[in-house]
Amino acid sequence: MSEIVDVELDAEYRQLREECGLVDRSERAVIAVIGPDGAEYLQGQLTNDVEGLEVGEGQYAALLDRKGHMQSDMRVLRPGAEEILLDTEAPARGAVVKHLTMYSIGRDVAVTDVSDERAILSLIGPRSVEIAGCAALPENFCETTSVGGIECLAAGTREGIDLIAAAADRERLRGALLEHGAVEVSEAAAEILRIEAGIPRFGAEMGTETMPAEAGIVESTVSFTKGCYIGQETVARLHYKGRPNRHLRGLRLSARAEPGTALRLGEKEVGRLGSAGVSPALGLIGLAILRREAEPGAELAVGEDGVTAEVTALPFG
């Protein structure tokens, strides 16, 4: 394994696992939903129970089309009674803004794309809370805080703390965090942690033809006790009566391969490689949504160059 691990990436990985790494994620889209009807409006658009959120709470959710296919996944934060922030992957930005603006007509709510006005700096690792200087927060919960005199919204994550600040304050905030002991690392290093945890990403494993059940995110994104939302019928039918044709799986690769490469079981294509990386702990690993006949233990051909992949259940053992 040591022959294929990049030395610099290995150092960044250890920083994330043992100390605190800083990743600039300001390319992500941030959409503000402001007004007294905000929570009620989003309740009918998103898969999770937005109206059930108290101020300071948050959740993971998805926006679907009427056939139950994902248009985006997102983090939903409620920093104020009449303020909700949606944080999503950059490729979904246009579709989310267009959809939520279109259907908000006639409601006391304003949907505003504030992506260019916000910066998101992620602290990842066991020292994240210490370096941010804020309280430890459950995943997706949020609170206003100050770092180096800069006002931020702190949001708990699976591995640390995200700080959302004005874009104009990004460099000052970055400098303060580095001064407090954070070390900048690459997005590639952070991606290794995501792949190890078996968490799909929109634009990689997930896309506009993916259903939540296929990506294994129903438990975290869907409320089955709330009222109607777009795509609900398909999600409920698949959950209670159906069986997804595809499943998110882990892959143990024999050699490096590019995302998007075809995966075959025998002569049949069963999916495409979503993400891949070299984990110092697990070796060459990847994620893909595969047809259900590609069960754990199966060996797949990866592209045409003799690379193979063993299918494994998630999380990686």
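Because the structure is a prediction, the values reported are computed rather than measured.

**Topic: the overall build of the protein chain**
Counting its secondary structure elements, the protein chain contains nine helices and 18 strands. Computed over the C-alpha atoms, the radius of gyration of the protein chain is 20 Å, within 12% of the 20 Å expected from 2.2 N^0.38 for a compact globule of 317 residues. The C-alpha extent of the protein chain, read off along each of the three principal axes, is 55 × 50 × 25 Å. Expressed as a percentage of its 317 residues, the buried residues of the protein chain come to 52%. Once local pairs closer than 6 in sequence are excluded, the contacts in the protein chain between residues at least 24 apart make up 67%. As displayed, the protein chain has an accessible area near 14,200 Å², and 47% of this comes from carbon and sulfur atoms.

**Structural notes on the environment of Ser 104**
You can see Ser 104 is positioned in the loop between α3 (93-102) and β6 (110-113). You can call Ser 104 buried: its relative accessible area is 10%. Spatially, the C-alpha atom of Ser 104 lies 9.5 Å from that of Asp 37, the residues being 67 residues apart in sequence. Apart from residues no more than four positions distant in its own chain, Ser 104 is found in contact with Tyr 41, Val 109 and Val 111.

**Things to note about the side chain of Asp 73**
Note on placement: Asp 73 falls in strand β4 (residues 70-80). Here Asp 73 occupies a buried position and makes no salt bridge, while the nearest side chain of opposite charge, Arg 28, is found at 5.8 Å. At 2.7 Å, the side chain of Asp 73 and the side chain of Tyr 60 are in polar contact.

**Looking at the state of the cysteines**
Taken as a whole and assessed by the stated rule, the structure comprises zero disulfides. Cys 134 provides the cysteine sulfur closest to Cys 20, a residue in no disulfide bond, and the two sulfurs are 11 Å apart. With no disulfide of its own, Cys 152 lies closest to Cys 134 among cysteine sulfurs, the gap being 9.1 Å. A residue is classified by how much of its surface remains accessible, and Cys 152, at 3% relative accessible area, is buried.

Thresholds applied
Sequence order sets the numbering: in each chain, residues are counted from 1 along the sequence as written. Note on the predicted model: pLDDT of at least 70 is required for a residue's local features to be given, and 80 or more for side-chain atom pairs to be given and counted; whole-chain, interface and lining totals, by contrast, use all residues. Excluding hydrogens and water, the side-chain figures rest on all heavy atoms present in the structure. The secondary structure listing takes helices from DSSP runs of H or I that are at least 4 residues long and strands from runs of E that are at least 2 residues long, numbered from the N terminus. With the radius of gyration taken over C-alpha atoms, the globule rule is written as 2.2 Å times the number of residues to the power 0.38. Throughout, exposure labels follow a simple rule: accessible area from a 1.4 Å probe, protein chains only, divided by the maximum for the residue type, with under 20% read as buried, over 50% as exposed, and the rest as partly exposed. Two residues form a contact once any of their heavy atoms are found within 4.5 Å. Here the accessible surface of atoms and residues is derived via Shrake-Rupley with a 1.4 Å probe, and residues count as covered only by protein chains that are part of the display. Under the counting rule used here, the positive set is Lys and Arg, the negative set is Asp and Glu, and His together with the chain ends is not counted. By salt bridge we mean one thing: a side-chain nitrogen of Lys or Arg within 4 Å of a carboxyl oxygen of Asp or Glu. Here a polar contact means two N or O atoms within 3.5 Å. Within protein one must be a hydrogen donor candidate and the other an acceptor candidate, and residues neighboring in sequence count only if both atoms are side-chain atoms. Count a disulfide wherever a pair of cysteine sulfur atoms falls within 2.5 Å.

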